[in-house]
2 protein chains.
Amino acid sequence: MALKLYGTVASDTTQRVQACLYEKEVHFEFITVNTAAGEHKTPRFLARNPFGELPALEDGDVTLFESRAITQYIANKYDGKGTDLIMKDPIKLAIQTVWMDTENQRFDQPFSKLIEAAIEGNEGGNKDVREYQRKLESVLDVYEQRLKESKYLGGDSFTLADLHHLPGMHYLRSTKAKGWFQGRPHVRAWAADILSRPAWVKVAAMSPW
Amino acid sequence: MALKLYGTVASDTTQRVQACLYEKEVHFEFITVNTAAGEHKTPRFLARNPFGELPALEDGDVTLFESRAITQYIANKYDGKGTDLIMKDPIKLAIQTVWMDTENQRFDQPFSKLIEAAIEGNEGGNKDVREYQRKLESVLDVYEQRLKESKYLGGDSFTLADLHHLPGMHYLRSTKAKGWFQGRPHVRAWAADILSRPAWVKVAAMSPW
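It should be emphasised that the depicted structure is a prediction, and the values quoted were computed from it without experimental measurement. (Residues numbered from 1 in each chain as written. Chains lettered and ligands numbered in written order. Predicted model: local features only at pLDDT ≥ 70, side-chain atom pairs only at ≥ 80, totals over all residues. Heavy atoms only, no water.)

Enquirer: I'd like a rundown of the sheet that holds strand 4 (residues 62-65) of chain B, residues and numbers included.
Expert: Residue and element names in this part refer to chain B. Taken together, the four strands give an open sheet; going across it, the order is 2-1-3-4, and neighbouring strands pair in mixed fashion. Each having just a single partner strand, strand 2 (28-32) and strand 4 make up the two edges of the open sheet. Between one strand and the next, the sheet's axes are offset by a mean angle of 20°, whatever the strand orientation. Sheet strands touched by helix 3 (residues 67-77): strand 3 (56-59) and strand 4. Its angle to strand 3, the strand with the most contacts, is close to 30°. (Pairing = 2+ DSSP bridges. Helix = DSSP H or I, 4+ residues; strand = E, 2+ residues; numbered from the N terminus. Axes fitted to C-alpha atoms, helices over the stretch in contact; angles between N-to-C directions. Contact = heavy atoms within 4.5 Å.)

Here is the structure:
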């Protein structure tokens, strides 16, 4: 039975899981959740994700939510198929985990706030928006240093540490007038590399943003 | 050579790692970082954690930051010693990971903001504080449902999914006048259980808050 991914092509968290499934070359069924009609707040969907947010994954009897938990499940389950997304060596895995947690703790929140502001037409920025921009820039400064020493954030090959950034870097690239990459050549090269991977190109082609 | 943990006994992220080390019964050296003197912003500390924040862990040549990446490293490295903190079964591990990510994505941010506000003497609450309180309450509502079905958040035994919440639940318990546990008996029982574990009691005894 195919995996079932519940989400929308516009949701950054759904996109993260789609990218993972394409990288792993895993067949799946995509089930669009009609958020405009409030389908994600119905008891049926809340049984899949009690927070009423996207996405959710069903694999037979197993139901999972939280995009990063889903990608880890897929990367572990389909070990040996498609792209290896998890380091085998325990020390390398620990370092990959540091950068996965950095994305989760430091990159995601300002990025999510900026994308919310953009959707509300507030990209120019009030005080809060400028604060999130400043936060994100300081994260990118650390990434610039890291990427001078390491081809990818998590280590010498593309892993979930990079993949989890795809929706965010896609958004930042589309607003490049803001100069996110100015003075950060390693971040720019890394973004160009990961955003040109066929799995992401496929996801981006379906995204309305 | 003993593991070296750099942090302070007042830092919630350091406490998370201390709790893990005590659960795993791993000998370690605690090195207090003088944050009042700005030691966490010196080049020497930034080489350990490029964000200039607590904690960092050194294990011989390996240096790690981000508290949750450190706990995962310790739990994996010392598998078979002390408390098992990671599920062995892949499906159970996936479910544990969902609740670890829930803590990271949904619980941590409002909790951190509330603790910041408390430190600044703003517990009574301006509009932002009330918004974070509301967010945290809605997370606890989901936990109440989860804990009706499962003794621990991550599954049938205590794991990192619970451990990562310790500093936060400790803080919420100390402000119980606010009624966090009112109407949430399963959350209250779970909090009482995990906060009475000897490893956490040891950490809490050193905490100034």
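Now that the structure has been shown, we can carry on.
Enquirer: How would you summarise the pairing of strand 1 (residues 3-7) of chain A if you had to cite specific residues and measurements?
Expert: Residues and elements named next belong to chain A. Along strand 1, four of the five residues are buried, which leaves the element largely enclosed by surrounding structure. Sheet analysis places strand 1 next to strand 2 (residues 28-32), joined by five bridges and oriented parallel. In the strand pairing of strand 2, Tyr6 is matched with Ile31. Handedness of the β-α-β unit built from strand 1, helix 1 (residues 12-23) and strand 2 comes out right-handed. As paired strands, strand 1 and strand 3 (residues 56-59) are joined by three bridges and run antiparallel to one another. Paired with Leu5 across the strands is Leu57, a residue of strand 3. (Buried < 20%, exposed > 50% of the residue type's maximum accessible area, 1.4 Å probe, protein only. Right-handed = clockwise from strand over helix to strand, strands pointing away.)

Enquirer: Break down the relation of the copies chain A and chain B for me, citing the residues and quoting the values.
Expert: The transform that puts chain A on chain B rotates by 180° and translates by 0.0 Å along the axis, for an RMSD of 0.0 Å. Classification of the inter-copy transformation places it as that of a two-fold axis. A share of 100% of interface residues in chain A that are also interface residues in chain B marks the association as one of identical surfaces. (Least-squares fit on C-alpha atoms with pLDDT ≥ 70 in both.)

Enquirer: I'd like a rundown of unusual backbone geometry, residues and numbers included.
Expert: The linkage connecting Leu54(A) with the following residue, Pro55(A), adopts the cis geometry, with an omega of -10°. Structurally, the position occupied by Pro55(A) is in the loop between helix 2 (43-46) and strand 3. Positive phi, close to 55°, is recorded for Glu25(B), a residue that is not glycine. In this structure, Glu25(B) sits in the loop between helix 1 (12-23) and strand 2.

Enquirer: Please provide a residue-by-residue account of the UniProt feature "domain: GST N-terminal" (unreviewed entry) in chain A, values included.
Expert: With numbering aligned to this structure, UniProt lists the feature "domain: GST N-terminal" (unreviewed entry) at residues 1-82 of chain A. Annotated as 33% helix and 22% strand, the span residues 1-82 of chain A places its first and last C-alpha atoms 19 Å apart. (UniProt positions renumbered as here; feature names shortened; annotations may be inferred.)

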